[in-house]
Structure formats: C-alpha cells, structure tokens
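Commentary on secondary and tertiary structure
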Amino acid sequence: EACKEIRDLLLHDKKFEFNPKDGIDNPALTLTEDMGSLQGHAHRWCPHADGEGVGEPRFYLLSKGSTETFGFCLHEELGCRGPLGGVAQRRGLQDRDRLLQVNGHFVDHMDHCRVVQKIKASGNQVLLAVLDGDSYEAAKALGRALSQMLPADIRPRLCHITRDKSGFGFSVSSPEGVKGTFQLSVRENGPAERAGVPPGSWLLELNGASVRNCSHTQLARKLKQSGNKVTLLVVSSAVEEFYRLRGLRVTAALADTSWLPFKARELHMVKGPAGYGFLLKEDDCRSGATGQFLWDVDVGLPAEQAGMKEGDRLLAVNGESIEGLDHQQTVLRIRARDDQVTLLVIDPAGDEFYQLMGLSPLLFFEDRDPA
C-alpha cells in the first residue's frame, strides 16, 4: 500500500517526505500543492477482514490551513454518504468511500446535517475512518455491524479536576532527564479518579497546552500555577499505541469529554399563547467573536419549562449550527417552524471552558455522562 502511494505521488509530480522511523507500513507523507497543503496519514485496521468481499477501514488525519477546506464533499444519497474530489481524494480518499467515524465518533447512523456539523466543528484538523463502497455494501449484505469493524475505544480523555484538601489526587512520574513523557498514578477515590483519569495513563496536555517540551520541574510549576482546578488531556497505553503506530497525532479535538462537568443541552420547545418566553441578544464572546445569548427567560413559559437559563449561549437551531450567522439570520432560523423549535445551548461556565480550551462544544454533543 505504501509503495503504491509513493508511486502515485511520483507519477503526479508531487513533492513528498518519508519518515523512515515510522516504518514502511506506516509512512508519514506530506503533500505540497500550489494552492496550499494538506497533511494526512492513513492506516488500514480491521479485525474482520476475511475474504468475503469486506475490506478494512482506513484512517485519515487531515489538517488544513484556516482559510482552506479539507478538500472533500460529503453527500447523502439513498442513505449512503461519501467524500468526493479535491485534495483529500488525491491523498487517498475515494469516490463512494463511506464515512464511519469522525474524531472517534461512529456516524453512519447519524443524519447528514449532524455529520457535517461534527466535521465543521472540528476546526482545522479531523480524524476520519472510512470504508470503500464495495466493502460497505458487502458488510451490509452480510448483516455485519459496521461499528464492530472499528476499534472499540480510540479516544483520549479530557478530564477537569478540582483539588480537594489532599491535592488533585494524582502523581506524575517520568524517566530521568527525558522531557515530555509523563505517566500518572491515580489515588483511589481521589479527585482525579472521580474526574475520569485512568490509572497509568499518559499526560499529553495541561490546561490546553502540550507538555511535550516540559521537564518534570516545569510541569510541577505549571500544576502549582493552575490553582484549584486543572484540565488534563490523557491517553491510555493502548490508545497511545494505536495513534503512534499509525503516525497520527493525538489532539483534544479527538477527546472523550463524557467525564467533563460542562455539557451542551438540547431544549425542545412548543410555542404557547404568549410565545416561547425568552429574549435573544447578540453580544461578544470571551474569544472576541460575536455570539447569540438567551436572556429574560419568563417563569412558567415554554423556554423555562424546557430548561433554558439566563446567559445560555445558543449553538444550534433545529440541529444546524448558527456559527457565522448574524442576529437576524438566527432569528429567522428560530422562526422557520411556526409552533416549535429545538435549540442547542451551553451555560456560561461551559462556554468559558471550551473557549479557553480552543474547542467547540458542538464537537462533543453526543458524549453522555458515564452514569
């Protein structure tokens, strides 16, 4: 597979770099185009490839510039979805490929709008798992569960820990003289365990910043400066190996956030005689962008009954993100259905957290509380 890819690059006169440290089965290739660059890594994985016409899922980590696109078009036709054309196709994605996962979320069962929303919310990097069209049809015909063709858990965890009297509930060990390699020991029933940190996991980020270049002393100083709360991006040994063997970089956008106390909420409202009972106001977000906020929630009316709180920020209307819409366009979206609407919102604390982390809460809407 690697030889075929290199041959295709040479035939198309593309510049490429090969990292021999990753091995011939896991090449790290960088494509350079006149109109910008897109980096991607692909690897095949499937425990069920058995000669019955079912191939193996392929993983692609696609990166783009802030003014670029990922270079594929997602379409829905007769219940099937496939990426088409552009730079991503030349990187390895094919017409009729079926999209199975976005950032570790299984999406084959999701409606088209929600899948598009997940890709857009991913920002400038997205991890896709795809299956070629023929294999997809063969798997369906055999009654095979597509979700079981993928690894059970390939997501790092984002954990928010509040210190108690004895500390954060974890200790850090690292090889002497080695930067950026930190393993966590977790105290039973301590704050870290309650926040979802697995014992023996590896620390990748602290408060949204990579620890790759930190010494043990520098990390200890950063933890002390965190005050009473700290957010860790951690990964188990098995998940770390999955990404490392495929030359894929782990980022917070790929994380399982089900342990976080910050959740987006979906509010479904049916309009009453006095309306919905809230005011929509445009204001500046902490990040400097403009947002739409919910205020003047009337007691006893549909908005309050649905769980709306004053200060909630509006993220989506009827399943579609309002990012990039102005106030009037958002109002028209809410009024598009005469007597009912479904809003996705997040409270001020959650909004502040995700903005500080540089992440969109829309990425993690499907994450549910472990309980």
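Every chain begins its residue count from 1, and numbering advances along the sequence as written. Restriction of local features to residues with pLDDT of at least 70 applies here, the model being predicted, together with a cutoff of 80 or more for giving and counting side-chain atom pairs; totals for whole chains, interfaces and linings are based on all residues. Note that water and hydrogens are dropped before the side-chain values are worked out from all heavy atoms of the structure.

**Description of the environment of Val331**
Here a helix means four or more residues in a row that DSSP labels H or I, a strand means two or more in a row labelled E, and each is numbered from the N terminus. Position of Val331 among the secondary structure elements: in helix 9 (residues 327-335). For each residue, the accessible area found with a 1.4 Å probe, counting protein chains only, is set against the maximum for its type, and the residue is called buried under 20%, exposed over 50%, and partly exposed in between. Classification of Val331 by relative accessible area gives buried; the value is 14%. Taking C-alpha positions, Val331 is 8.0 Å from Leu280, a pair spaced 51 residues apart along the chain.

**Here's the deal with the confidence of the model for the protein**
The pLDDT score gives, residue by residue, the confidence of the prediction method on a 0 to 100 scale. Within the protein, residue pLDDT values average 80, and 79% of them lie at 70 or more. Across the protein, element-level confidence peaks in strand 15 (residues 229-235) with a mean pLDDT of 97 and bottoms out in strand 1 (residues 29-33) with 25. It only takes one pair of heavy atoms within 4.5 Å for two residues to be counted as in contact. Counted against residues more than four places away or in other chains, residues 1-40, with its pLDDT under 50, gives 59 contacts.

**Structural notes on the environment of Ala289**
Among the structural elements, Ala289 can be located in the loop between strand 17 (279-284) and strand 18 (290-295). Residues in contact with Ala289, not counting those within four places in the same chain, are Asp283 and Asp284.

**Some words on the packing of aromatic side chains**
Centre distance and the angle of the planes are the two values used to describe a pair of aromatic rings. For this analysis, a ring pair means two rings from Phe, Tyr or Trp (six-membered ring only for Trp) whose centres lie within 6.5 Å, classed as stacked if their planes differ by under 30 degrees, edge-to-face if by over 60, and tilted for the remaining angles. For the coordinates displayed, the defined rule picks out seven aromatic pairs. Summarising the aromatic geometry, the rings of Phe168 and Phe170 are spaced 6.2 Å apart at their centres and angled 20° between planes, so their arrangement reads as stacked. On the basis of an interplanar angle of 20° and a centroid distance of 5.9 Å, the ring pair of Tyr354 and Phe364 is categorised as stacked. With Tyr354 in helix 10 (residues 348-357) and Phe364 in the segment after helix 10, the pair connects residues that are 10 residues apart, well separated along the chain.

**Things to note about the pairing of strand 19 (residues 313-317)**
Most of strand 19 sits out of view: five of its five residues are buried. Alignment of strand 19 against strand 21 (residues 340-346), held across four bridges, turns out to be antiparallel. Within strand 21, the position partnered with Arg313 by the bridge is Ile346. In this analysis, strands are considered paired if DSSP registers two or more bridges between them. Pairing analysis gives two bridges linking strand 19 to strand 20 (residues 320-321), with the strands arranged antiparallel. The residue bridging Val317 from the neighbouring strand is Glu320, located in strand 20. What sits between the antiparallel neighbours strand 19 and strand 20 is a turn of two residues, in which Asn318 has the positive phi angle 50°.

**Describing the side chain of Arg313**
With respect to the helices, strands and loops of the structure, Arg313 is situated in strand 19. Residue class for Arg313 comes out buried when judged on its relative accessible area of 15%. Here a polar contact is recorded for every N or O atom pair within 3.5 Å, except that within protein the pair must consist of a potential hydrogen donor and a potential acceptor, and residues adjacent in sequence are included only if both atoms are side-chain atoms. One polar contact links Arg313 to Asp351, side chain to side chain, over a distance of 2.9 Å. Not counting the four nearest positions on each side in its chain, Arg313 is found in contact with Cys285, Gln292, Phe293, Leu344, Val345, Ile346, Asp351 and Gln355.

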